[in-house]
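What follows is the residue order along each chain.
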Amino acid sequence: MCIAAEIRWMRATARAALEAGWREGVTASGVGYRYTRPAPRYPEQFFWDSCFHAVAWSRLDPARARAELRTLVAAQRPDGLIGHTVFWGRPVRWSRAHLYNVVSRGDGATWTIQPPFLGWAWAEVAARSPDDPGFAAEGIAPIAAFHEWLERERGDGDGLVGILQPDESGMDASPAYDRPLGLRAHPRPGFLAVVRFNRRRRYRYRDVVADGGFHAVDVLVNTALALSWEGLARLGHPAARERAERVTRSLVDRLYDRSRGLFFAEGPDGRPLHVSTWAALAPLALDGLPDDIARRLVDEHLLHPRRYWLPYPVPSTSAEERTFRPGRIGRVAPRYWRGPTWLFSTVPLLIGMLRLGYRDAATDLVLRTARLVRRSGFREYYNPYSGEGLGAGPFATSAIALDALERVAAVS
Ligand code: GLC
């Protein structure tokens, strides 16, 4: 099957999935919202899902893409934070409030973060918005304010920022955090103790650190931050290029493991957490990553048939990891991000592959992804060997597969 034919089919499929997830309304306090919910099971606006939705929409209907991102920044607090989850028009369900990272029942959003892909998504959407020339500049102030919040509240002085719960990494049950969390790992019962600990401290990172709580310097969050600064540079922020370079340099200096050729998160004791998940490869997306490091990520890991290059790539955790679990055992689904393929990773990794000239592998990746979607539809995640669809569905965020195809078609 050729890319052009796949794109034709994928455009229709992606449009239907995004359309089905579209929500609009006005909150009781009069704020309008228009965004895509990931799935019926996830009715809220999720930060990084929304960034991917906007990029997917930008291939079909840029006005919706802009509305989605404008809605995300409309949820910004006066101090700059844009939360992990925004509850537009439907307050937190009290029965589930203990699970949400909120401080009080009336909160419109969580007090926690997700990988900050916003500057990148805004720049992508702006590039496809010739009919709305003001859109690019409009993003600069709110996104820069969010970056400054991250630096102020979470920064370590070298441009990198910390997380205080594993779900802030986007990869809720990531095996990278098994060692420091043990029985408190997501979604074990002990995880609620982590939430309670942080809620009592109003999710103030510095208080959580001072009081001995879990915290980490996560690769994916910091990669998204560098990419978001790169996006702000494209939007015209004068100091953003330098900030992106600083974060990228610190990622390399602090989180890159030269012997393994991978990036590892740093745990609460300051030591690296040696687990290979797709986050370990994510810095590939960064313009400023030295080529030799980027090539090792691709040659030794991404394209390795026993690590990440499985029949339906890219698995969320390397198949060589002890914790790797690709699919269901009986009827029991695997814990999140411990093996199955989520399509969230496709585009960030593809950006690096295309920058470095891995055109054949990039084509292979997007065609296999299209085959996966033809086989199982848009699902939350997939078994990387069989392609079986798992988790929530229909899952709008997987419509990012359209953007992946379009990127490869543009260079073919
Ligand atoms: C799960 C994922 C998270 C995602 C959310 C909505 O919680 O771990 O990354 O944002 O679902 O799709």
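These lines cover the structure that appears in this document, whether it is placed above or below. (Residues numbered from 1 in each chain as written. Predicted model: local features only at pLDDT ≥ 70, side-chain atom pairs only at ≥ 80, totals over all residues. Heavy atoms only, no water.)

1. Structural notes on the overall build of the protein chain
Point 1. When helices and strands are tallied, the protein chain shows 14 helices and eight strands.
Point 2. Projected onto the principal axes, the alpha-carbon positions of the protein chain cover approximately 55 × 50 × 50 Å.
Point 3. Counting over 412 residues, the protein chain shows a buried share of 62%.
Point 4. Summarising the internal contacts of the protein chain: among those between residues at least 6 apart in sequence, 69% fall at separations of at least 24.
Point 5. Side chains of the protein chain give 56 positive and 45 negative charges; the mean places of these two sets differ by 6 Å. (Helix = DSSP H or I, 4+ residues; strand = E, 2+ residues; numbered from the N terminus. Buried < 20%, exposed > 50% of the residue type's maximum accessible area, 1.4 Å probe, protein only. Contact = heavy atoms within 4.5 Å. Lys, Arg positive; Asp, Glu negative; His and termini not counted. Charge placed at Lys NZ, Arg CZ, Asp CG, Glu CD.)

2. Digging into the side chain of Thr-27
Point 1. Here Thr-27 is to be found in the loop between strand 1 (22–26) and strand 2 (32–36).
Point 2. The contacts of Thr-27, once residues within four sequence positions are left out, are Tyr-33, Trp-88 and Gly-89.

3. Observations regarding the packing of aromatic side chains
Point 1. Under the defined criterion, the tally for this structure stands at 26 aromatic pairs.
Point 2. Taken together, a centroid distance of 5.5 Å and an interplanar angle of 80 degrees make the contact between Tyr-42 and Phe-46 edge-to-face.
Point 3. Overall, Phe-46 belongs to the buried group, its relative accessible area being 12%.
Point 4. Their ring planes at 45 degrees and their centres at 5.3 Å tell us that Phe-52 and Phe-117 sit as a pair that is tilted. Of this pair, Phe-52 sits in helix 2 (residues 47–58) while Phe-117 is found in the loop between strand 4 (85–86) and helix 4 (118–127), placing the two residues 65 residues apart along the sequence. Comparing Phe-52 with Phe-117, the two get one shared label, buried.
Point 5. Counting every residue linked through ring pairs, the aromatic cluster contains Tyr-42, Phe-46, Trp-48, Phe-52, Phe-117, Trp-120, Tyr-336, Trp-337, Trp-342, Phe-344, Tyr-381 and Phe-395.
Point 6. One Lys or Arg, Arg-374, reaches over the ring of Trp-9 and ends 4.3 Å from the middle of that ring. (Phe/Tyr/Trp six-rings, centres within 6.5 Å; stacked < 30°, edge-to-face > 60°. Lys NZ or Arg CZ within 6 Å of the ring centre and 35° of its normal.)

4. Observations concerning the pattern of salt bridges
Point 1. In the structure shown here, the tally under the stated rule is 32 salt bridges.
Point 2. Of the charged contacts in the structure, one is a salt bridge between Arg-70 and Glu-138, with a shortest N-O distance of 2.7 Å. Within this pair, whereas Arg-70 is found in helix 3 (residues 62–74), its partner Glu-138 is found in helix 5 (residues 135–154), the two being separated by 68 residues in sequence.
Point 3. When its relative accessible area of 36% is taken as the criterion, Glu-138 is described as partly exposed.
Point 4. Its salt-bridge partner being Glu-151, residue Arg-243 comes within 3.6 Å of it at the nearest N-O pair. Here Arg-243 is found in helix 10 (residues 240–255), whereas its partner Glu-151 is found in helix 5, with 92 residues between them in sequence.
Point 5. Members of the salt-bridge network, linked through shared partners, are Arg-59, Glu-124, Arg-128, Arg-234, Asp-403 and Arg-407. (Salt bridge = Lys/Arg side-chain N within 4 Å of Asp/Glu carboxyl O.)

5. Side note on the site of the ligand
Point 1. Surveying the vicinity of the ligand reveals the residues Pro-38, Tyr-42, Phe-46, Trp-48, Asp-49, Gln-114, Gly-170, Asp-172, Tyr-336, Trp-337, Glu-380 and Phe-395.
Point 2. Here Trp-48 contributes a side-chain N or O atom positioned 3.0 Å from an oxygen atom of the ligand.
Point 3. Taking Asp-172, its side chain carries an N or O atom lying 2.8 Å from an oxygen atom of the ligand.
Point 4. Surface burial for the ligand is 96%, taken as the share of its 310 Å² of free accessible area covered by protein chains. (Near = heavy atom within 4 Å. Polar contact = N/O pair within 3.5 Å; in protein donor to acceptor, adjacent residues only side chain to side chain. Areas by Shrake-Rupley, 256 points an atom, 1.4 Å probe, with all protein chains shown as cover.)

6. Some words on the nonpolar core
Point 1. Counting 137 residues, the largest nonpolar core has Leu-118, Phe-263 and Trp-278 as its most contacted members.
Point 2. By size, the runner-up hydrophobic cluster in this structure holds six residues, among which are Ala-75, Val-86, Trp-88 and Ala-109. (Core = buried A, V, L, I, M, F, W, Y, C linked by side-chain atoms within 4.5 Å.)

7. Remarks on the packing of helix 9 (residues 219–235) against helix 10
Point 1. With their axes 7 Å apart at the nearest point, helix 9 and helix 10 run at an angle of 160 degrees to one another. The pairing of helix 9 with helix 10 is recorded here as roughly antiparallel in orientation. The crossing of helix 9 and helix 10 is left-handed. Along its contact with helix 9, which presents Val-219, Asn-222, Thr-223, Leu-225, Ala-226, Trp-229, Glu-230, Leu-232 and Ala-233, the element helix 10 presents Ala-240, Arg-241, Arg-243, Ala-244, Val-247, Thr-248, Leu-251 and Leu-255. (Axes fitted to C-alpha atoms, helices over the stretch in contact; angles between N-to-C directions. Parallel < 35°, antiparallel > 145°, perpendicular 65-115°, else oblique. Left-handed = near helix turned anticlockwise from the far one by under 90°.)

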